[in-house]
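# Structural features, examined
Letter by letter, the chains look like this.
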Amino acid sequence: MAGRVDLDGNPIKPITICMIGAGGFIGSHLCEKLMSETPHKVLAVDVSNDKIKHLLEPATLAWADRIEFHRINIKNDSRLEGLIKMADLTINLAAICTPADYNTRPLDTIYSNFIDALPVVKYCSENGKRLIHFSTCEIYGKTIGAFLPKDSPLRQDPAYYVLKEDTSPCIFGPIEKQRWSYACAKQLIERLIYAEGAENGLEFTIVRPFNWIGPRMDFIPGIDGPSEGVPRVLACFSNNLLRREPLKLVDGGESQRTFIYIKDAIEAVLLMIENPARANGHNFNVGNPNNEVTVRQLAEMMTKVYSKVSGESSLETPTIDVSSKEFYGEGYDDSDKRIPDMTIINKQLAWNPKTSLWDLLESTLTYQHRTYAEAIKQAMSKSTAN
Ligand code: NAD
Ligand code: UDP
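An account of the accompanying structure is given in this report. Computed from a predicted structure; not experimentally measured.

### Structural notes on the overall build of the protein
Of the regular secondary structure elements, the protein holds 14 helices and 15 strands. Against the compact-globule benchmark of 21 Å for 386 residues, the protein has a radius of gyration of 21 Å, which places it among compact chains. Along the three orthogonal principal directions, the C-alpha set of the protein runs to about 60 × 55 × 40 Å. Per-residue burial over the protein gives 43% buried out of 386 residues. At a minimum sequence separation of 6, the contacts of the protein that also span at least 24 residues come to 79%.

### Things to note about the nonpolar core
In terms of nonpolar packing, the biggest core is built from 100 residues, with Met 19 and Cys 31 touching the most fellow members. Discounting residues that sit within four places of it in the chain, Met 19 has contacts with Gly 27, Leu 30, Cys 31, Val 42, Leu 43, Ala 44, Val 45, Ile 91 and Leu 93.

### Here we look at the site of ligand 2
Close contacts around ligand 2 come from 15 residues, with Arg 232, Val 233, Cys 236, Val 250 and Ser 255 the closest. Breaking the shell around ligand 2 down by element, the ones donating at least two residues are α8 (233–242) and β9 (247–250). Element by element, the count of residues in the shell around ligand 2 is highest for β9, at three residues. Looking at the shell around ligand 2, its residues break down into six nonpolar, four polar and five charged.

### A few points about the site of ligand 1
Residues in close proximity to ligand 1 total 23 residues, the closest being Gly 21, Gly 24, Ile 26, Ala 95 and Cys 97. At three residues, the largest contribution of residues to the shell around ligand 1 is made by helix α1 (residues 25–37). Considered class by class, the residues forming the shell around ligand 1 number 11 nonpolar, nine polar and three charged.

### What about the pairing of strand β2 (residues 41–46)?
Among the six residues of β2, six are classified as buried, and the element is accordingly described as predominantly covered. Pairing of strand β1 (residues 16–20) with β2, which is carried by five bridges, proceeds in the parallel orientation. Note that in β2 the partner of Ile 17 across the bridge is Val 42. For the crossover that starts at β1, traverses α1 and ends in the parallel β2, the hand is right-handed. Inspection of the sheet shows β2 paired to strand β3 (residues 67–71) by five bridges, in the parallel sense. Counted as the bridge partner of Val 42 is Ile 67 from β3.

### Section: the sheet that holds strand β7 (residues 204–209)
The seven strands lie next to each other as β3-β2-β1-β4-β5-β7-β12, forming an open sheet whose pairing is parallel. Each edge of the sheet is formed by a strand with only one pairing partner; in this case those strands are β3 and β12 (282–286). On average, each strand axis in the sheet is inclined to that of its neighbour by 15°, with strand direction left out of account. Relative to β12, β7 runs parallel, the two sharing five bridges. In the sheet register, Pro 209 faces β12, and the bridge partner there is Val 286. Helix-sheet contacts for α1 involve β1, β2 and β3, and the interaxial angle to β2 is about 165°.

### Observations concerning α1
End to end, α1 covers 19 Å across 13 residues, agreeing with the expected 18 Å (1.5 Å per residue, within 8%). Within the span of α1, buried status applies to Phe 25, Ile 26, Gly 27, Ser 28, His 29, Leu 30, Cys 31, Leu 34 and Met 35. Packed against the buried residues of α1 are β1, β2, α2 (53–56), β3, β8 (212–213) and α9 (262–274).

### Section: the packing of helix α11 (residues 295–310) against helix α14 (residues 357–385)
Axis separation between α11 and α14 bottoms out at 9 Å; the angle between their running directions is 55°. Overall, the two elements α11 and α14 adopt an arrangement that is oblique. Here α11 runs over α14; the crossing is right-handed. Contact residues: α11 offers Met 301, Met 302, Val 305, Tyr 306, Val 309 and Ser 310, while α14 offers Leu 357, Trp 358, Leu 361, Glu 362, Leu 365, Thr 366, His 369 and Ala 373. Its residues placed into classes, the contact of α11 with α14 shows 10 nonpolar, three polar and one charged.

### Remarks on the environment of Glu 37
Structurally, the position occupied by Glu 37 is in helix α1. Exposure remark for Glu 37: the 13 C-beta atoms within 10 Å place this residue in the partly exposed category. Between the C-alpha atom of Glu 37 and that of Ala 64, which follows or precedes it by 27 residues, the distance is 14 Å.

### Remarks on the environment of Cys 31
Its place among the elements puts Cys 31 in helix α1. For Cys 31 and Val 42, which are 11 residues apart along the polypeptide, the C-alpha to C-alpha distance reads 7.4 Å.

### Quick look at the packing of helix α5 (residues 106–113) against helix α7 (residues 181–200)
Where α5 contacts α7, the axes come no closer than 8 Å and their chain directions differ by 20°. On the basis of their axis angle, the class for α5 and α7 is roughly parallel. The hand of the α5/α7 crossing is right-handed. Between α5 and α7, the contacting residues are Pro 106, Thr 109, Ile 110 and Asn 113 on the first element and Ser 181, Tyr 182, Ala 185, Lys 186 and Ile 189 on the second.

### A few points about unusual backbone geometry
The step from Glu 57 to Pro 58 runs through a cis peptide bond, and the omega angle for that step is -5°. Here Pro 58 shows up in the loop between α2 and β3. Located in the positive-phi region is Arg 216, a residue other than glycine, with phi close to 70°. With respect to the element layout, Arg 216 can be found in the loop between β8 and α8. On the basis of neighbour count, Arg 216 is assigned to the buried category, with 21 C-beta atoms found within 10 Å. The backbone of Ala 350 shows a phi angle near 50°, a positive value even though the residue is not glycine. Residue position: Ala 350 is located in the loop between α13 (343–349) and α14.

Calculation rules
- Residues numbered from 1 in each chain as written.
- Chains lettered and ligands numbered in written order.
- Predicted model: local features only at pLDDT ≥ 70, side-chain atom pairs only at ≥ 80, totals over all residues.
- Helix = DSSP H or I, 4+ residues; strand = E, 2+ residues; numbered from the N terminus.
- Rg over C-alpha atoms; globule rule 2.2 N^0.38 Å.
- Buried ≥ 20, exposed ≤ 12 C-beta atoms within 10 Å, placed from the backbone.
- Contact = placed C-beta atoms within 7 Å.
- Core = buried A, V, L, I, M, F, W, Y, C linked by C-beta atoms within 7 Å.
- Near = placed C-beta within 6 Å.
- Nonpolar A, V, L, I, M, F, W, Y, C, P; charged D, E, K, R; others polar.
- Pairing = 2+ DSSP bridges.
- Right-handed = clockwise from strand over helix to strand, strands pointing away.
- Axes fitted to C-alpha atoms, helices over the stretch in contact; angles between N-to-C directions.
- Expected span 1.5 Å × (residues − 1).
- Parallel < 35°, antiparallel > 145°, perpendicular 65-115°, else oblique.
- Left-handed = near helix turned anticlockwise from the far one by under 90°.

Shape descriptors only; they carry no functional weight alone.
Here is the structure:
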């Protein structure tokens, strides 16, 4: 750790970070990185610490005096402002961010992504503290190309689909499509943070993650989350593979996504943390434009990779089609395609993702198999016995 320098060659000084949502998927990887590779201190705020227990215990860990867990619900806890004041930088990851909730729990979704984030922004602004806020690629909504006729050659033109921080519009569906409650709340908090920067000098960076995936993402229903819960696609498909069920393709699995390995994405966040002069005032796309697939292709690739890492043969019918209404309920809608433009993050932070989709699925599904296969077997044999 000695002699670490920033992108401009200046020595990096240890700082204290108030990380809200530190117990989640991204937070757990960021805490791991900060503990193992930097001298920074983390005040880890969350309602749960299951995913960072390995960093908190035992007390003899090399970094034990650099990470402190605070079990706080930011909706209603007066300790939050004190922690933000104690820190040099606040990183806000806390959110409801599973699509199955957006149309079924739109009020919770809007409160979580907008109202609950407001005091965090206010405390940072009033106390002159830097803020890194996690938004989403979903604020772009649908691509312009999605509205062109299916056979239009313009659909192949990147100008109609690549998502650029400083020029792309945000295109959401109608209000009754409550899927967009999340994107809209995230967009408004981005605008508020931007305005705090413009009017009150808040030092901020906004991160727009494009489908970051890897170990510890979400939960496996009935094992470490509710049986009826619907996590994001990686955990849905992992659950199906672990239980030897066909993978469910919503509305034909035609939507396209770019997936990035969590460890590549965390490198970008560390650069933002340690290069404030280059990161402040920017909204950064963080994704891997080279890893684009349709959801159907993702299902096919995950089926092949899982077969390799588990040694089990694939099902004869590996996928089935379901309608979005059946799978998510009324009010679901989808982003058609998400390719991040990388110009700004390349220029400011000289960052690029490295891991191919096959490699990131191989390491992630190896983790899923090692972590859950035995528990699933036991749960399934118990339910057959009953
Ligand atoms: P996650 O659900 O794993 O983590 C969120 C954490 O916030 C959870 O541990 C949760 O307990 C905590 N939290 C929520 N409400 C809280 C509250 N009121 N008080 C205290 N803690 C609270 O999700 P993640 O994938 O790690 O995402 C983190 C952030 O990144 C979110 O803001 C999300 O919208 C954004 N994001 C992630 C992705 C991705 O690809 N993973 C994509 C787009 C946006
Ligand atoms: N999806 C699917 N089957 C599943 C879960 C998700 O076909 O079991 C689709 C979903 O409709 C969307 C894509 O996979 O088109 C990615 O979904 P995810 O929940 O990961 O979040 P999103 O990328 O939409 O934010």
